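Letter by letter, the chains look like this.
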Amino acid sequence: MMAALATVACEQFEDVKSVDRIGEISVGIQISLDKGDDVPSPASYKVKLNNYAENIEMVQEVKAGDVVELKDIIPGIYTIAVSGESSANGFTYVFNGNLSNVNVTENGKKFSLEMTAAKSGNIIFKEVYYCGSKIGGKTSYFRDQYYELYNNSNQVQYLDGLCIGNINPAGTSSIKYVWNRENQEDYIYFQTIWQIPFDRENPDNKLYPLQPGESVILAQMAHDHRAANLNPDCPVDLSGAEFEFYLKTTAYTKDNPAHNMIGAFWKLTTSWWLVTVNGGAFAIFYPDEQMASVMYEPDYEKIYSGSWVTPVGYSTKGKDVPIDCIVDAVELMLNESKITQKRMPAVLDAGATWVGGTYKAMSVSRKIKETREDGTVVYVDTNNSLEDFQVNDKPVPRREGAKIPSWNTWAN
C-alpha cells in the first residue's frame, strides 16, 4: 500500500511540474475623456487596482495617453480606479473613472474606461459619523449621526440654500436602477434632501458665511449625546452644532439652539434624518431650481407631484439633480466587500470608504493635504473617498482645529 501511494504521489508531482506557472501580466486601458473644450487633459494618471478577495493592492503612475499600459499585474478579479488632475482658469479639475469586478487574467487584454472631469469643490465633507454607538455595550444608539462641512478654499463661501441628501438606493445593493429620464447619466437621484435655511424673500441676503478654515456641523440631533438619558458612552457632544435635521418635538427630540434644516424632499415620516448605519451615499449641492419644503408649503405633495422620477420596474421615487450642480460627494458602505455595489457615479466619487461595521462609534474624515501659512488646513479632494478619507477610532467634531463660524454664538 505504501509503495502504491508513493507511486501515485510521484505521478501527481510530475503532473504539477508540467503545469505552466501563472506569471505577472500586462494589460492596456483605452481612455476616453469627457471634458469641456476649456479643460486641459491630465499629464499623468494614477491607476489603483484592488483585489479585495485576495487582499491585493497595486498602484501605478503612468503617463497620460489614449491608451495606458499596466505592467506586472498578478492575475485576478480587480476593481480598477484611474484618476488625474489638471488646472486652468484658477480651477482644479479632477478626472476619475473606474471599472468594478474586472477579470484581469489575459495578458495583453485591453479594457475601455471613460473618465469625466469635475471641479474640485470649495465646500467639502470633512468628517462623517454614520455608524452609531452602543449604550453600555449592548443597546444600539443612532441619534448621534452628523456631517461636518468645511471651507477648503481660500475665499469666503456662503452656505445659504445649500442642500444635502442621500441618493438611491439608501444602502448598497446589487440592484442597478435604470431611471425613467432622458440623459439619465447626467443626474443623480436623491431619496431625501434637506436644505440649509436662506432668506426666501431676498435670496441675495446671505445669512451663513463660511470663512476659509471654518466648518459647520449638521447633526441629526444637536444634543450632548453623552447625557444620562441618551447615551453616556457616546463619544460626541453635538450641542454646538450649527444645524440640525429637526421637524417636530417628540419624547426624544427638542428644538435646540442649532438652526433647523429645511426638509425639502421626500416627505419625512420621522422627526429627524436617520440614514442607514451601514453607510449611505451623500452629496451637497446648490439647486438649479427652487426647492419645495415640507416645512413651508402646505401643498408640498402637489408641488412635487410629477417632478420626481422612478426607476424602470420599481416604484422608488427619486429627485433628479444634475451632476453639474454637485459641490461634493462621498460614498460610505458597510465594508470593502460592498465596493462592487457602488451607487455614486465615478465622476463624483470614484471610490468609497467604510468603518467596517455598525455601532462601532467610529468615523471617517479627510486626510490633510497641506497647511497654509495662516494655519488653516487644506484637505485632500481627488473625488475618490478610498484615497481621500481615513478611518478614526472615534468621531471628533472640528478635529485638526477647524474654526467655528462667528454667527454661531451658542457653541462652546
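The coordinates are above.
Residues numbered from 1 in each chain as written. Predicted model: local features only at pLDDT ≥ 70, side-chain atom pairs only at ≥ 80, totals over all residues. Heavy atoms only, no water.

Here we take up the overall build of the protein. A count of helical and extended segments in the protein gives three helices and 26 strands. Taking all contacts inside the protein whose residues are at least 6 apart in sequence as the whole, residues at least 24 apart take part in 71%. Approximately 19,500 Å² of the protein is accessible, and the part contributed by carbon and sulfur atoms is 47%. (Helix = DSSP H or I, 4+ residues; strand = E, 2+ residues; numbered from the N terminus. Contact = heavy atoms within 4.5 Å. Areas by Shrake-Rupley, 256 points an atom, 1.4 Å probe, with all protein chains shown as cover.)

This part covers the side chain of N383. In this structure, N383 sits in the loop between strand 25 (377-379) and helix 3 (385-388). Judged by its relative accessible area of 7%, N383 falls in the buried class. Residues contacting N383, with those up to four places away along its chain left out, are V94, N96, A118, A346, V347, L348, D349, A350 and D388. (Buried < 20%, exposed > 50% of the residue type's maximum accessible area, 1.4 Å probe, protein only.)

The next thing to look at is the packing of aromatic side chains. Given two aromatic rings, their pairing is described by the distance between the two centres and the angle made by the two planes. This model, assessed by the stated rule, comprises 16 aromatic pairs. Aromatic pair Y177 and W179: ring centres 5.4 Å apart, planes at 70°, arrangement edge-to-face. Judged by relative accessible area, Y177 falls into the buried class, the value being 19%. Taken together, a centroid distance of 4.4 Å and an interplanar angle of 10° make the contact between W179 and Y189 stacked. Of this pair, W179 sits in the loop between strand 13 (163-167) and strand 14 (187-195) while Y189 sits in strand 14, and the two are 10 residues apart along the sequence. No difference in accessibility class separates W179 from Y189, as the two residues are buried. (Phe/Tyr/Trp six-rings, centres within 6.5 Å; stacked < 30°, edge-to-face > 60°.)

Okay, the nonpolar core next. Core analysis: the biggest nonpolar cluster contains 47 residues, and F125, Y147, L159, I164, L218 and F243 have the highest contact counts within it. Of all elements in the fold, only strand 8 (123-129), strand 11 (146-151), strand 16 (215-219), strand 20 (281-285) and strand 22 (326-331) reach the threshold of two or more residues within this core. Among all residues touching Y147, those that are not within four sequence positions of it are E127, V128, I164, V216, I217, L218, F245, W273, V275 and F282. I31, Y45, M58 and V102 belong to the second largest nonpolar core, which has 26 residues in total. (Core = buried A, V, L, I, M, F, W, Y, C linked by side-chain atoms within 4.5 Å.)

Of all nine residues in strand 14, eight are buried; the element is thus mostly enclosed. Pairing analysis gives five bridges linking strand 13 to strand 14, with the strands arranged antiparallel. Each residue of the ladder has a partner; that of I164, found in strand 14, is W194. In this structure, strand 14 lies alongside strand 21 (residues 319-322), joined through four bridges in antiparallel fashion. Opposite I188, over in strand 21, you have V321 as the bridge partner. Across three bridges, strand 14 lies against strand 19 (residues 262-265) in antiparallel orientation. (Pairing = 2+ DSSP bridges.)

So, about unusual backbone geometry. Of note, the bond from N168 into P169 is cis; its omega dihedral lies within 30 degrees of zero at -10°. As for its position among the elements, P169 is in the loop between strand 13 and strand 14. The residue N383 is not glycine, and still its phi comes out positive at about 60°. You will see that R398, though not glycine, has its phi angle at about 60°, which is positive.

Across the sheet, seven strands lie side by side as 18-17-16-11-8-23-26; this open sheet has mixed pairing. A single partner strand is all that each edge strand has here, and the edge strands are strand 18 (259-260) and strand 26 (389-392). Note: strand 8 against strand 11, six bridges, orientation antiparallel. Pairing of F125 across the sheet is with L149, part of strand 11.

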